Amino acid sequence: MGQGDKMVIEKNVAPETMLLPYLRKNLRLTGTKYGCGGGGCGACTVMISRYNPSTKQIRHYPATACLTPICSLYGTAVTTVEGIGSTKTRIHPIQERIAKCHGTQCGFCTPGMVMSIYALLRNHPEPTLDQLTDALGGNLCRCTGYRPIIDACKTFCKTSSCCQSRENGVCCLDQGVNGVPEFEEQHKISLELFSEKEFLPLDPTQELIFPPELMIMAEKQPQKTRVFGGDRVTWISPVTLTGLVEAKFKYPQAPIVMGNTSVGMYAGIKGMRHHARLNFILGLTLGASLSLAQVKDILADVVQKLPEEKTQTFRALLKHLRTVAGSQIRNMASLGGHIMSRHLDSDLNPLLAVGNCTLNLLSKEGGRQIPLNDQFLRKCPANDLKPQEILVSVNIPYSRKWEFVSAFRQAQRQQNALAIVNSGMRVLFGDENGIIKELSVFYGGVGPTTICAKNSCQELIGRPWNEEMLDTACRLILDEIRLPGSAPGGKVEFKRTLVVSFLFKFYLEVLQILKRMNPGHHPRLADKSKSALEDLRPRHHWSTLTYHVNPKQLLQDPIGRPIMHLSGINHATGEAIYCDDMPAVDQELFLTFVTSSRAHAKIVSIDLSEALSLPGVVDILTADHLQGVNSFATESFLATDEVLCVGHLVCAVVAESEIQAKRAAKRVKIVYKDLEPLILTIEEAIQHKSFFESERKLEYGNVDETFKMVDQILEGEIHMGGQEHFYMETQSMLVIPKGEAQEIDVYVSTQFPKHVQDIVAFILKRPANKVMCHVKRVGGAFGGKVVKTSIMAAITAFAANKHGRAVRCILERGEDMLITGGRHPYLGKYKAGFMKDGRILALDMEHYCNAGSSQDESLWVVEMGLLKMDNAYKFPNLRCRGWACRTNLPSNTAFRGFGFPQAGLITEACITEVAAKCGLPPEQVRAINMYKEVDETHYKQEINAKNLIQCWRECMTKSSYFARRAAVERFNAENYWKKRGLTMVPLKYPVSVGSVVLGQAAALVHIYLDGSVLVTHGGIELGQGVHTKMIQVASRELKMPMSNICLRETSTETVPNTNATGGSMTADLNGLAIKDACQTLLKRLEPIISKNPHGTWKDWAEAAFDNSISLSAIGYFRGFETNIDWEKGEGHPFEYFVCGAACSEVEVDCLTGNHKNIRTDIVMDVGYSINPAIDIGQIEGAFIQGMGLYTIEELSYSPQGVLYTRGPSQYKIPAICDVPTELHVSFLPPSENSNTLYSSKGVGESGLFLGCSVFFAIRDAVCAARQERGISEPLMLSSPLTPEKIRMACEDKFTKMIPRDKPGSYIPWNVPV
Ligand SMILES: Cc1cc2nc3c(=O)[nH]c(=O)nc-3n(C[C@H](O)[C@H](O)[C@H](O)COP(=O)(O)OP(=O)(O)OC[C@H]3O[C@@H](n4cnc5c(N)ncnc54)[C@H](O)[C@@H]3O)c2cc1C
Ligand code: FES
Ligand code: FES
């Protein structure tokens, strides 16, 4: 195997080893990252190149290293991110552009992104935008919101980086957004965050060549079967078909490993690649070993060459191949593996089955054919492969005249998501009269495998293709395809509805073609129906960004400029070091947790004997080992005699290696006895009065009296689901005892090093000065790396100390999602008293949050929710109360926005309902209730809402709200099955960290004698660019270039007693501390500088040293004066407010529940931005994360409290397909001078809430559908507004047709918590 320019000959590797751990641990190539281990995130993308000696061609393709068995790579070249460029040699143009276009934040996803694009450019040096977004479809990023990554990649496209639409001859570059002029102020407006002129050109001739020695090897080496033996598995790699058949004869039970995307970890016989053949009579024969990507290319080529009539099945397959998985998986997965896996959600099998495909099989006994039909899919022995047989190829017949095939699917996310339901449908008519001769309908997702509506199809033969037939077909199929209420995967009614909705779509599609082919015989498709036909597809992206620079500012002053994240290049080259990238320490151990499988149970016994006897196991820690130190503040560490949630930490296995620790963890035997009550949902907690502490309450004005005076009163509630942080770097820690004087170093991916230090010192019963916590950078956190991280670090430290050896603990994605909680699910109840004109005069609000099994930061979240629930509105009489519900779920914790995204949504839902009751547009009701210029909040803090009102107005103008509202209404009048919605939401985000104490910050600045400067502060670099901003601050203060200043890590050793990084204020607070330190230094050096004003920093530093002047200074900021008195319900809890507004437009497919965000406009007031590129990145990234929260991110729990959604295959965060087709972000011209850092504002969290503009836009579209269908019942929607909820809210004849199960008559698969 070759990587970069290095040849690797590996003689001693276990066949089950995957490429990812091999690269990271054996070769120490840590640029390739672990994000999920299941092919779903793309963080581990590498490029694989294979030379085919027969065709003399080299195939380069992206692959996920986590699913690539090392043995499958014999004779291939593997290119990792290190291989394409580095800061030590030359960086690759992709690496340069992704960094300089601000496409990296935490940088953890960046190497994978770089490699996906690299593989694309190796095949298409000037790709189209579609090819680009397709190539990145399998790569997740949790930070950026993808827009800057798309912008970086667009620079490789031949076409310009504009919208590429040129509708009516006009495009985005020809005019401002909507033709609306930009702000005209004394501040210069800037639209560019980077300059393309400085980019290195892409020169394909400079790329690494395929290693000639591998080519010679492929040409010359005798073709013989290779066998790789291991302790547990043997890997056989035949090189001929005969060899493969023989191997299968010898080992009939061994799986054939092709892409390994389905087999997973178990290795067996390696399959071989085989090609495609067109037979002019029968159809297309595709080799089983072709990758899905190759199948896609072949089909795309064939449909170009053959008449449409013959290619119906090919076209349908092609449609699905565009959305199956991501590019990496499509390049790895084989057609044969896909067919043979017979997954219930296979996208291709329903189409291959309706297309009457046959499978060509081979064994030592010879070849034979079997049909790919329902029997094969059900694995009926009579029509299945025998153990010795292999699938060689698949025949896909041509379609015939009057034969039509269609493909349908609906998933939680449009791309790279398994279908909830999919379908293949085929009809053959006898002639142009449209009498059904053959009908075949297969569904995926509604049974244990792909299933067939055989009897229904049979009954419909001989019927004409008309509405009556459709009606009968729906009833027959619903009767035949029965899905029990408790079916795995849940969403049962949605699935039933999709079954008939797809049928309706097929009916219309075919009717339209019949009409086109034979206009005389078939009725015209009703105008109303046409909109059912087109699928919503992700479209080309374009964006505009507007920020302001002060033209009078000195050029060398970096404040206010879009400076690239200073680690950007290192992120892109893979040189940036994260916790698990640190090399192994001598004799290092690995720790893994054993967690509870029960939500509420007594631990009857724990049997460790078998686990302890396994090779490599060093120790297993239980609560007994931690006696006296098993809890800290409100949190306990390892379970003692009771478990309180699934995922509760019970013991920790310590072993010589990760594999040994994981193996042993599975052998720990715990006997439980379930305890009552089991409380999972908020409703159950309310019923059992299971709360942490008593209610929190704020009251303003006189609510009860006002209710007596208002025109109307409305009561309602909204439920909001939780959210998984899904930071790309899972929880990671490495604890190293120094071996002397009880000193211990903790390297950990945390937001709160001081807390780690405190808790480790506590568990080890030693002073904090012996424990040092170090954080270089964190691969995303969003609030999820505080309390639980410290607990796990403490247990890891305990193990390290006990054994005097370094211990590493890295959670797998599934473990991470199971153990750590996320954003709190909320239930909001409201009673609003309002006037006919929409003024809300009294509001009584109740917030219940699902806190989980321990308190963590939940009470604080509730308090923040109550303080921030007013969002942009003045409610003159307001009572709001909140409770943190104690349940048997993993403890929920801080998450970007900290209670505001939930509280704000509840308020906006209430306002939307008031507007509906008044018959007014919600935007009008929002505006009428908005804070006035000089006003007071419900906790009596004064507020000037000038910027809020300005953001609202600017957003109205920039989005052309009124013109587009009219256009939306026109669209809705013309389209029955597609609806558009448009919503604008304001934002007033109060910023503070809660108290003066928590606002303290400190910094340390050293000047060395060569004039270089080292800056350290208490903030953690989580991707939000705080270190970059801090160097900008030091640069401005010391008037020295940024290149002269360095920031190495955050550590309790250099800056002690710091606060957690979070709450949007890290740059504000630490920046003021750095400013303080720099000013102290300047003051000290002033006499020296004034003596030699033209000297260099080296001159001044040396002179200071010679004069015994200290060149090191501490900076300190004591925190903003904030306070709140909960008894009185008043105070000044916030330092300032970030204001903004967002307008989003969506289109909804009423038949499937799919939605597409067409356009979002965001206007924000960020004060004087320290770094507009970083701030825009924060706003967009947060917005997309918010969009995920409110629309697709859905956690599912079993009725026993087990989290089902434990990886990217089940839990969908936004991917590149979710980026709005148009995105416009602009900043208000800076206006206020404040006592914050250079009058800037922290914007890390606020933008998240604006994602709810998409939620309400979808709601708007759904309301339009309901109105047209004459449904007058109030619409109760909950968050996230998933395809399921959208579809079921767009009630129609199909939703009425489906069978409904009586509540209580079945045990549902999942429970909403
Ligand atoms: C992240 C991710 C996303 C995905 N998304 C989708 C999606 O959106 N839609 C979708 O439909 N699928 C999706 N899949 C599933 C994917 O399509 C299948 O996993 C894949 O096609 C299996 O192919 P493979 O070559 O990797 O099979 P392998 O894992 O190598 O093998 C699978 C099985 O097939 C058998 N087999 C393979 N070849 C032969 C042969 N020639 N003869 C006999 N037996 C054989 C093996 O013995 C094994 O039992 C996804 C998978 C992943 C990992
Ligand atoms: S780690 Fe391989 S795809 Fe996520
Ligand atoms: S930058 Fe993409 S995950 Fe952080």
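None of these values were measured; they are calculated from a predicted model.

(A) Molecular detail of the environment of Trp465. Take Trp465: it is sitting in the loop between α15 (454–460) and α16 (467–480). Sequence-distant contacts of Trp465, defined by excluding residues within four places in its chain, comprise Val427, Phe429, Gly434, Ile436, Leu439, Phe506, Tyr507, Val510, Leu511 and Leu514. At 3.1 Å, the side chain of Trp465 forms a polar contact with the backbone oxygen of Tyr507.

(B) Representation of the sheet that holds strand β45 (residues 1112–1117). Reading across from one edge, β43-β42-β41-β45 is the order of the four strands in this open sheet, with mixed pairing throughout. On the outer flanks of this sheet lie β43 (1045–1046) and β45, each paired with one strand and no other. Relative to strand β42 (residues 1013–1017), strand β41 (residues 1001–1007) runs antiparallel, the two being bridged by five bridges. The residue bridging Ala1003 from the neighbouring strand is His1017, located in β42.

(C) Highlighting the pattern of salt bridges. Within this structure, the stated rule accounts for 76 salt bridges. Here Asp580 ties to Arg24 by a salt bridge, and the two come within 3.5 Å at their closest N and O atoms. With Asp580 in the loop between α19 (568–573) and β21 (589–595) and Arg24 in helix α1 (residues 19–26), this pair connects stretches of sequence that are 556 residues apart. Grouping residues by exposure puts Asp580 and Arg24 together as buried. With a closest N to O distance of 2.8 Å, Asp1149 and Lys505 form a salt bridge.

(D) A look at the side chain of Ser1240. You can see Ser1240 is positioned in the loop between β50 (1222–1227) and α36 (1252–1268). Given a relative accessible area of 3%, Ser1240 falls into the buried group. At 2.8 Å, the side chain of Ser1240 forms a polar contact with the backbone oxygen of Leu1237.

(E) Inspection of the site of ligand 1 at higher detail. Around ligand 1, a shell composed of 32 residues is seen, among which Ile256, Met258, Gly259, Thr261 and Ser334 lie nearest. Separating a nitrogen atom of ligand 1 from a backbone N or O atom of Leu391 is a distance of 2.8 Å. Contact between ligand 1 and Arg409: an oxygen atom at 3.5 Å from a side-chain N or O atom of the residue. Alone, ligand 1 offers 980 Å² of accessible surface; in the complex the protein occludes 90% of this. Those elements that place two or more of their residues in the shell around ligand 1 are β9 (256–257), α12 (335–341) and β15 (390–397). Among the elements that take part in the shell around ligand 1, α12 stands out by supplying five residues, more than any other. Split by residue class, the shell around ligand 1 holds 16 nonpolar, 13 polar and three charged.

(F) Layout of the side chain of Asp580. In this structure Asp580 comes out as buried when scored by relative accessible area, which is 15%. At 2.9 Å, the side chain of Asp580 forms a polar contact with the side chain of Arg808. The contacts of Asp580, once residues within four sequence positions are left out, are Arg24, Lys25, Arg808 and Ile810.

(G) Just the nonpolar core, in detail. In terms of nonpolar packing, the biggest core is built from 264 residues, with Tyr443 and Trp465 touching the most fellow members. Leu20, Ala63, Leu292 and Leu372 belong to the second largest nonpolar core, which has 64 residues in total.

(H) Structural detail: the packing of aromatic side chains. Applying the stated criterion to the full structure yields 30 aromatic pairs. Between Tyr848 and Trp883, the ring centres sit 4.7 Å apart and the planes meet at 10°, which makes this aromatic pair stacked. Taken as a pair, Tyr848 in strand β36 (residues 840–852) and Trp883 in strand β37 (residues 877–886) lie far apart in primary sequence, 35 residues in all. Judged by its relative accessible area of 13%, Trp883 falls in the buried class. Look at Tyr1204 and Trp1309: their rings are 3.8 Å apart centre to centre, the planes differ by 5°, and that puts the pair in the stacked class. Residue Tyr1204 is found in the loop between α35 (1172–1191) and β50, and its partner Trp1309 is found in the segment after α38 (1293–1297); the two are separated by 105 residues along the sequence. Residue Tyr1204 is classed as partly exposed on the basis of its relative accessible area of 25%. Each residue in the set Phe404, Phe429, Trp465, Phe506 and Tyr507 is aromatic and connected to the rest through ring pairs, giving one cluster. Lying across the ring of Tyr61, Arg59 places its NZ or CZ 4.0 Å from the centre.

(I) Just the pairing of strand β13 (residues 358–363), in detail. In terms of strand pairing, β13 meets strand β14 (residues 366–371) through six bridges, oriented antiparallel. Looking at β14, one finds that Thr358 is bridged to Pro371. Connecting β13 to the next strand, β14, in antiparallel fashion are two residues. With five bridges connecting them, β13 and β15 associate as antiparallel partners. Bridge assignment links Leu359 to a residue of β15, and that residue is Val394.

Parameters and conventions
Residues numbered from 1 in each chain as written. Chains lettered and ligands numbered in written order. Predicted model: local features only at pLDDT ≥ 70, side-chain atom pairs only at ≥ 80, totals over all residues. Heavy atoms only, no water. Helix = DSSP H or I, 4+ residues; strand = E, 2+ residues; numbered from the N terminus. Contact = heavy atoms within 4.5 Å. Polar contact = N/O pair within 3.5 Å; in protein donor to acceptor, adjacent residues only side chain to side chain. Pairing = 2+ DSSP bridges. Salt bridge = Lys/Arg side-chain N within 4 Å of Asp/Glu carboxyl O. Buried < 20%, exposed > 50% of the residue type's maximum accessible area, 1.4 Å probe, protein only. Near = heavy atom within 4 Å. Areas by Shrake-Rupley, 256 points an atom, 1.4 Å probe, with all protein chains shown as cover. Nonpolar A, V, L, I, M, F, W, Y, C, P; charged D, E, K, R; others polar. Core = buried A, V, L, I, M, F, W, Y, C linked by side-chain atoms within 4.5 Å. Phe/Tyr/Trp six-rings, centres within 6.5 Å; stacked < 30°, edge-to-face > 60°. Lys NZ or Arg CZ within 6 Å of the ring centre and 35° of its normal.

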